[in-house]
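# Per-entry structural report
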Amino acid sequence: MQQLYLTDLDHTFLTTQQTITPYSKKIWNQLSQKTLLSVATARSFAKIEEFLEGMNLNAPLILLDGAMMVSVEKEIIDIHPLEIDLVNAIIHESKKFEMEPFLLSLEERRTLREVFSIPHKLNPYQSHLIDWKYKSDPRLRQTHHIQGLNDTLKVVYMGEEQPLKQLAEHLKQTFGDNIEAKLSPEHYTGCWFLTILHPLGDKAHALKKLSEYLNISLEEVTVFGDNINDIEMFKLAGTSVAVNNALDRVKAEASIVLPHTNDEDAVARYLERIKL
């Protein structure tokens, strides 16, 4: 029976330097000749194209925490944007906490052209991230009045855990089941991310959709991850695998906890042992 192996990227398949080792790439490409391999990531298509260059992808990709699923030919299979009025209401409420988010939106579905909107005034964590990784990103749009677009897929706040936890609780009380709110540590910058998604826009719902699309039972799916946004996906898959550097909450939900970290090719080492 056909099987699917689905891995998170950051701190799972990618090294801490946000690279894929030659060993991991070799094992991945070898296994791709025999079974289905893909990714489930918080990142957008534009960013993962850089990371996955030279790797064989033979199944649709789950992107932006599950808000969008696309084929390897860049065709949208499933998408769950937040309504413009809802995004703007979220931004309005967060200003009461003196916070403004980043927005990741699609400007054009056909080409998957993205817009990365950022507020004019950035907090230190936001400023560090932009300077570190996105200063010359062509998607970047800085504005004095940040607001939603037709296809806004993620609303993302960066900051300390407690203020973001308070904001998350306020937004859930205000908007209820109209949003999915995920609060998780961000290891690259040493802060926390609060991500607001469509309620059907998380990795778990995307995994269900992908299994239906491929006509593969969830029991035949193996997933790899490290962070809070992987937990619900872990609960669905037949086999869930946590890398050794995963959060304890993630390890508690895993079928298997690997002895190696993302910097030790944990996923590739596991894949290499698979006999198909």
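Preceding this paragraph is the structure being described.
Not measured: the values here are computed from a predicted model. (Residues numbered from 1 in each chain as written. Predicted model: local features only at pLDDT ≥ 70, side-chain atom pairs only at ≥ 80, totals over all residues. Heavy atoms only, no water.)

## Focus: helix α4 (residues 124-134)
In an α-helix, one turn spans 3.6 residues, which is why side chains three or four residues apart end up on the same side. We count it as follows: Under the scheme applied here, a residue whose accessible area is under 20% of the maximum for its type counts as buried, over 50% as exposed, and between as partly exposed, the area being computed with a 1.4 Å probe on protein chains only. Elements are defined by DSSP. Helices are runs of H or I of four residues or more, strands are runs of E of two residues or more, and each kind is numbered from the N terminus. Picture the helix axis, draw a direction to every C-beta atom, and the arc is the one those directions span. Pairs of N or O atoms are called polar contacts if they sit within 3.5 Å, as long as, within protein, a hydrogen donor faces a hydrogen acceptor (for residues adjacent in sequence, only side-chain-to-side-chain pairs).
For α4, the set of buried residues is Q126, L129, I130 and Y134. Along the long axis of α4, the arc covered by the buried residues comes to 100°, so they all point the same way. Regarding α4, its N-cap is N123, as a side-chain oxygen of that residue lies 3.0 Å from the backbone nitrogen of Y125 further along.

## Some points on the packing of aromatic side chains
So the rule is basically this: Note on aromatic pairs: the rings of Phe, Tyr and Trp (six-membered ring only in Trp) are paired at centre separations within 6.5 Å, and the planes decide the class, stacked below 30 degrees, edge-to-face beyond 60, tilted for the rest. Each ring is checked for a lysine NZ or an arginine CZ that lies within 6 Å of its centre and within 35 degrees of its normal; such an atom marks a charge sitting over the ring.
Counted under the stated rule, the structure contains five aromatic pairs. Note on F224 and Y270: the rings are 5.3 Å apart at their centroids and 80° apart in plane angle, and the pair reads as edge-to-face. Of this pair, F224 sits in strand β12 (residues 221-225) while Y270 is found in helix α9 (residues 266-272), placing the two residues 46 residues apart along the sequence. A single burial state applies to F224 and to Y270, both of which are buried. Ring pairing ties together the aromatic residues F102, F116 and Y134, which thus form one cluster. The lysine or arginine in question, K133, covers the ring of W132, its NZ or CZ lying 5.1 Å from the ring centre.

## Observations concerning unusual backbone geometry
Despite not being glycine, K74 has its phi angle at roughly 70°, a positive value. On the secondary structure map, K74 appears in the loop between β4 (68-70) and β5 (76-79). Judged by its relative accessible area of 31%, K74 falls in the partly exposed class. Notably, L112 is not glycine yet its phi reads approximately 60°, a positive angle. Structurally, L112 can be placed in the loop between β6 (102-108) and β7 (113-119).

## Brief notes about the side chain of K182
Checked against the element boundaries, K182 lands in strand β10 (residues 180-186). Owing to a relative accessible area of 12%, K182 belongs among the buried residues under this scheme. Reaching out from K182, the side chain makes a polar contact with the side chain of E180 at a distance of 3.1 Å.

## Structural notes on the sheet that holds strand β13 (residues 239-242)
Note the cut-off: Strands are treated as partners if at least two bridges between them are detected by DSSP. Contacts are residue-level and defined by heavy atoms, with any inter-residue pair within 4.5 Å sufficient. Helix axes are fitted only over the stretch in contact, all axes being lines through C-alpha atoms; the angle between N-to-C directions runs from 0 to 180 degrees.
Pairing within the open sheet is parallel, and its five strands lie in the order β2-β1-β12-β13-β14. Edge positions in the sheet fall to β2 (36-39) and β14 (256-257), since each of these pairs with one other strand and no more. Strand direction decides the pairing type here: strand β1 (residues 4-7) and β2, joined by four bridges, are parallel. Along β2, the bridge assignment pairs L4 with L36. Along the sheet, helix α6 (residues 203-214) makes contact with β1, β2 and β12, crossing β1 at roughly 150°.

## Quick look at the environment of M55
With respect to the helices, strands and loops of the structure, M55 is situated in the loop between α2 (45-51) and β3 (61-63). Spatially, the C-alpha atom of M55 lies 9.8 Å from that of I20, the residues being 35 residues apart in sequence. In this structure, M55 is in contact with F13, I20, K25, W28 and N29, ignoring residues within four places of it in sequence.

## Remarks on the sheet that holds strand β11 (residues 191-197)
Taken in spatial order, the six strands of this open sheet run β8-β7-β6-β9-β11-β10, and their pairing is mixed. Strands at the two margins of the open sheet, each flanked by one partner only, are β8 (140-143) and β10. Taking each pair of neighbouring strands and ignoring which way they run, the sheet shows an average axis angle of 25°. As paired strands, β7 and β8 are joined by four bridges and run parallel to one another.

## Some details on the packing of helix α3 (residues 84-95) against helix α5 (residues 161-175)
Test applied: Under this scheme an angle from 65 to 115 degrees is roughly perpendicular, one under 35 degrees roughly parallel, and one over 145 degrees roughly antiparallel; angles in between are oblique. Crossing handedness: left-handed means the near helix sits turned counterclockwise from the far one by under a right angle, and right-handed means the same turn made clockwise. Under the scheme applied, nonpolar residues are Ala, Val, Leu, Ile, Met, Phe, Trp, Tyr, Cys and Pro; charged residues are Asp, Glu, Lys and Arg; polar residues are all the others, including Gly.
It is at 11 Å that the axes of α3 and α5 come closest, and there the two elements cross at 135°. Judged by the inter-axis angle, α3 sits oblique to α5. With respect to the hand of their crossing, α3 and α5 are arranged in right-handed fashion. The residues of α5 that touch α3, namely those facing L86, A89, I90, E93 and S94, are L167, H170, L171, T174 and F175. Residue classes in the contact of α3 with α5 are distributed as six nonpolar, three polar and one charged.

## Some thoughts on the pattern of salt bridges
This is how the line gets drawn: For this analysis, a salt bridge means a side-chain nitrogen from Lys or Arg found within 4 Å of a carboxyl oxygen belonging to Asp or Glu.
Evaluation of the coordinates by the stated rule reveals 17 salt bridges. Across the salt bridge formed by K203 and D230, the nearest N and O atoms sit 2.6 Å from each other. Of this pair, K203 sits in helix α6 while D230 sits in the loop between β12 and α7 (231-236); the two residues are 27 residues apart in sequence, bridging distant segments of the chain. For the pair shown, K203 and D230 are each scored as buried. Residues joined in a network through salt bridges with shared partners are E107, E108, R110, R113 and R141.

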